[in-house]
Amino acid sequence: MVFSGYRQKEYSCLLVYCCLAVILLAAGPGPPEAAAEQNVLQKNDCAKCHPYKVQILTEAGGKHATEIGCLDCHPQHPPKGENTISPCTLCHVGQPHFEITDCLHCHVDPHRPLASLRDPVKPARDECLSCHEEPGLQMSASPSRHADLFCTYCHESHRMIPACLDCHGPHLSGQSEADCLRCHQAHQPLHIVPVGYLPESFCRVCHKRQAQDLAETRTYHGTVNCSYCHKGLHPSVPSCLDCHDRPHAGEAYRKYSPCLDCHGDAHRLVVPREK
Ligand code: HEC
Ligand code: HEC
Ligand code: HEC
Ligand code: HEC
Ligand code: HEC
Ligand code: HEC
Ligand code: HEC
Ligand code: HEC
Ligand code: HEC
Ligand code: HEC
Ligand code: HEC
Ligand code: HEC
């Protein structure tokens with residue numbers, strides 16, 4: 001990236017430039033080939049005029065203080081130099097995180113890039129995905145209206161985890177946050193995979209007829225939890241043959257019509273001998 005917003009300033013402080021000239025010339029005359037080298041600012045010079053920057057870097061610069069120095073990022077100096085500020089991507093390449101823009105939006109001060117890290121104040125998504133690939137993959141695998149939201153709509157600060165109940169009511173009064181997550185996943189809320197045996201009331205809230213039938217039937221099915229038969233992705237419907245391998249033996253079995261022609265309904269079985 002390029003610091004497009006960055007412009008050469010016009011400097012009025014002639015006095016300081018006189019000082020600069022003095023420092024630059026202080027090296028005095030020398031062999032011609034050495035002159036070019038000596039005619040530049042050395043790293044120890046910076047503190048003379050930018051003491052606060054040196055102090056910040058030393059105290060909180062982290063690896064920007066230990067692994068590089070002022071001149072790595074400021075190869076030239078105004079007023080003559082134009083290459084005064086290197087872009088972050090001069091050194092940071094090869095990771096998705098370094099392909100986003102506006103680094104200084106979050107790393108507010110490059111002289112203490114982690115200590116000055118702040119939460120984005122503008123909506124962010126690609127920025128977050130540059131480190132957290134998984135939520136993006138889940139969102140495209142199972143699109144929902146959550147996928148249309150910015151990450152920062154829910155995660156108001158970095159590492160903060162919101163609660164479903166902050167924004168939605170439960171299906172059933174008394175359902176807890178942990179209950180939501182037994183069926184839903186935050187980044188693909190319509191990819192619903194109930195986990196474990198859920199209370200029958202959790203299904204009944206939307207499937208009253210089946211729950212009522214099961215409550216009333218005197219057959220064995222009435223003793224079985226919904227989730228015992230309905231496993232995996234919601235909605236899934238099992239086949240009778242998943243559990244009843246050839247209930248009616250031999251020749252007779254082959255000529256049977258579909259099971260429910262005789263057995264009525266999975267939740268309100270008709271077992272002919274009972275009649
Ligand atoms: C003799 C004083 C002096 C010394 C020594 C000095 N600077 Fe500066 N520097 C200035 C002045 C004056 C400005 C202009 C400040 C302004 O306009 O805000 C400036 C501006 C800068 C800028 C801003 C560049 C831009 O494009 O706006 C950077 C970066 C910088 N200095 C880095 C350094 C570094 C790194 C060193 C040490 C190698 C250094 N300076 C040494 C006086 C100095
Ligand atoms: C990792 C790269 C990096 C290092 C190391 C670094 N700087 Fe900077 N510096 C920057 C960037 C980027 C900016 C522009 C900041 C902006 O636009 O807000 C900047 C801006 C400046 C400015 C002018 C802007 C201002 O805030 O007034 C000065 C002066 C400066 N740096 C001095 C120094 C000095 C002195 C050192 C060493 C003690 C140093 N920098 C080390 C990246 C660096
Ligand atoms: C001249 C090379 C250079 C430039 C330019 C540069 N960095 Fe770095 N930066 C490094 C090195 C080297 C490290 C330490 C190794 C690493 O983490 O990759 C580092 C580390 C960091 C770290 C982790 C700091 C720590 O203490 O662990 C952050 C954050 C960072 N840089 C952000 C930035 C940002 C933002 C910019 C642009 C404003 C920038 N860097 C520009 C060389 C640079
Ligand atoms: C939306 C905010 C945001 C933006 C924009 C951003 N960063 Fe970061 N960056 C972070 C966060 C958050 C971390 C720290 C993650 C952690 O806690 O370890 C980080 C960590 C880093 C690190 C140290 C960890 C690592 O992965 O090596 C470097 C280097 C870095 N950023 C460089 C950059 C550069 C370069 C840019 C611009 C191309 C940039 N960042 C833009 C939020 C941002
Ligand atoms: C530079 C990489 C980086 C960027 C950019 C980044 N994160 Fe993170 N994030 C991390 C790291 C590293 C952790 C700590 C992971 C851990 O503890 O396992 C983390 C933790 C989190 C956590 C808590 C995870 C947990 O299990 O508790 C959430 C939530 C989170 N980030 C959301 C975001 C959001 C939203 C954004 C965009 C605003 C974002 N992150 C930007 C690196 C990053
Ligand atoms: C509709 C609100 C919402 C949106 C939008 C959202 N999240 Fe989350 N996120 C959550 C909730 C709730 C959790 C906690 C889920 C849990 O505990 O299982 C979470 C957990 C996380 C975690 C930690 C656990 C994990 O799944 O890795 C990370 C990292 C994360 N989100 C990143 C992101 C990123 C990146 C985006 C944007 C692409 C994003 N989130 C968008 C609500 C949201
Ligand atoms: C910060 C608020 C927020 C949080 C936290 C949040 N949601 Fe949402 N959710 C929304 C918004 C906004 C929509 C879009 C529909 C609307 O306007 O109601 C939505 C839609 C949904 C939808 C319907 C999706 C569709 O495409 O029809 C489901 C299901 C859902 N949320 C479940 C959850 C679950 C489960 C959690 C916790 C893991 C959660 N939400 C956390 C704000 C949130
Ligand atoms: C037993 C599994 C289950 C549990 C537990 C569950 N949900 Fe749902 N939820 C569903 C199913 C299934 C749908 C989808 C219905 C459809 O396809 O229309 C749904 C749809 C939604 C919707 C979108 C439709 C609407 O009603 O607005 C939201 C929002 C939602 N759930 C939030 C929650 C929250 C919050 C919790 C926790 C209090 C929760 N859910 C617990 C299964 C569950
Ligand atoms: C929030 C309401 C809601 C909850 C809670 C809910 N469902 Fe559903 N269910 C629906 C809706 C709406 C449909 C039909 C739309 C569809 O196909 O997604 C459906 C469809 C089904 C179907 C398939 C119906 C068909 O004709 O193919 C089965 C089986 C089912 N649900 C079982 C369950 C079980 C078991 C539970 C409890 C673990 C449960 N549902 C919880 C709303 C819900
Ligand atoms: C003993 C296994 C079993 C149990 C227990 C069970 N179901 Fe079913 N359910 C089935 C089978 C098998 C079907 C498919 C019937 C068919 O082929 O038409 C089905 C179908 C459904 C359907 C689709 C509409 C319909 O009535 O055919 C819904 C909705 C449903 N079940 C919800 C539930 C709910 C809610 C519970 C718990 C209250 C539950 N089921 C308990 C086996 C079961
Ligand atoms: C997830 C497993 C499962 C599924 C699917 C299932 N059943 Fe059953 N069913 C059972 C179990 C367990 C029993 C108890 C008797 C046994 O072990 O065979 C049973 C018992 C029965 C009985 C005897 C009931 C009694 O009280 O004597 C009939 C009839 C029956 N099932 C028919 C069906 C039909 C028809 C279907 C398809 C609509 C079906 N079942 C689907 C598990 C299942
Ligand atoms: C033509 C009617 C008819 C059809 C079709 C039929 N059944 Fe039956 N089924 C019966 C009768 C009658 C009984 C009770 C007499 C008995 O125990 O053989 C019975 C009993 C059962 C039993 C209980 C057996 C026991 O030992 O308690 C199961 C389980 C069963 N059927 C499953 C199925 C399944 C699964 C299908 C579909 C593959 C099916 N039935 C198709 C008539 C039928």
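Not measured: the values here are computed from a predicted model.

What follows concerns the coordination of the iron atom of ligand 8. Of the protein atoms, only His171 (NE2) and His184 (NE2) coordinate the iron atom of ligand 8, at distances of 2.0 Å. If you look at the iron atom of ligand 8, its 6 donor atoms make angles of 87 to 179° with each other, and the shape they trace is octahedral. Here the residue His171 occupies a position in the loop between helix H11 (164-167) and helix H12 (177-183), and His184 occupies one in the loop between H12 and helix H13 (200-204), the gap between them amounting to 13 residues. On the basis of relative accessible area, His171 is assigned to the exposed category, the value being 55%.

Geometrically, a metal with four donors at the corners of a regular tetrahedron has ideal angles of 109.5 degrees, and one with six donors at the corners of a regular octahedron has ideal angles of 90 or 180 degrees. The coordination sphere of the iron atom of ligand 11, as far as protein atoms go, consists of His221 (NE2) and His244 (NE2), spread over 2.0 Å. Bound by 6 donor atoms, the iron atom of ligand 11 shows angles of 87 to 178° at the metal and therefore octahedral coordination geometry. Of this pair, His221 sits in the loop between helix H14 (208-216) and helix H15 (226-229) while His244 sits in the loop between helix H16 (240-243) and helix H17 (250-255); the two residues are 23 residues apart in sequence, bridging distant segments of the chain. On the accessibility criterion, His221 (24% relative accessible area) is partly exposed.

The final tally for this structure, using the stated rule, is 8 salt bridges. We note a salt bridge from Arg112 to Asp109, for which the minimum N-O separation is 3.2 Å. When its relative accessible area of 30% is taken as the criterion, Arg112 is described as partly exposed. Here Asp109 falls in the buried class, since its relative accessible area comes to 13%. One continuous salt-bridge network, built from bridges that share partners, spans Arg209, Asp213, Glu216, Asp265 and Arg268.

Before going further, it helps to spend a moment on the confidence of the model for the protein chain. On average, the protein chain scores 86 in pLDDT, and the residues at 70 or more come to 82%. A low-confidence stretch, residues 1-37 stays under pLDDT 50, and its non-local contacts, those more than four residues away or across chains, total 31 contacts.

Let us now look at the site of ligand 3. Taken together, 17 residues lie around ligand 3, and Lys63, His64, Cys88, Cys91 and His92 are the ones closest in. Contact distances for ligand 3 include 2.9 Å between an oxygen atom and a backbone N or O atom of Lys63. Tallied by class, residues from the shell around ligand 3 come to 10 nonpolar, 4 polar and 3 charged.

A few words on the site of ligand 9. Inspection of the region around ligand 9 gives 13 residues, with Cys203, Cys206, His207, His234 and Pro235 positioned closest. A per-class count over the shell around ligand 9 returns 8 nonpolar, 5 polar and no charged.

Once that is clear, we can look at the packing of aromatic side chains. Counting across every chain of the model gives 0 aromatic pairs. The ring of Tyr228 carries the charged tip of Lys231 above its face, separated from the ring centre by 5.0 Å.

To continue, consider helix H9 (residues 133-141). Those residues of H9 not exposed but buried are Gly136, Gln138 and Met139. For H9, the angular spread of buried residues about the axis comes to 160°, placing them on one side. Turned more than 90 degrees away from the buried face of H9 sit Glu133, Ser140 and Ala141, all of them exposed. Turning to H9, the residues buried within the fold contact helix H8 (126-129).

Quick notes on the rules
- Residues numbered from 1 in each chain as written.
- Chains lettered and ligands numbered in written order.
- Predicted model: local features only at pLDDT ≥ 70, side-chain atom pairs only at ≥ 80, totals over all residues.
- Heavy atoms only, no water.
- Donors = N, O, S within 2.8 Å, 3.2 Å for Na, K, Ca; no water.
- Tetrahedral: all angles 85-135°; square planar, octahedral: opposite > 155°, others 65-115°.
- Helix = DSSP H or I, 4+ residues; strand = E, 2+ residues; numbered from the N terminus.
- Buried < 20%, exposed > 50% of the residue type's maximum accessible area, 1.4 Å probe, protein only.
- Salt bridge = Lys/Arg side-chain N within 4 Å of Asp/Glu carboxyl O.
- pLDDT = per-residue confidence, 0-100.
- Contact = heavy atoms within 4.5 Å.
- Near = heavy atom within 4 Å.
- Polar contact = N/O pair within 3.5 Å; in protein donor to acceptor, adjacent residues only side chain to side chain.
- Nonpolar A, V, L, I, M, F, W, Y, C, P; charged D, E, K, R; others polar.
- Phe/Tyr/Trp six-rings, centres within 6.5 Å; stacked < 30°, edge-to-face > 60°.
- Lys NZ or Arg CZ within 6 Å of the ring centre and 35° of its normal.
- Arc of directions from axis to C-beta.

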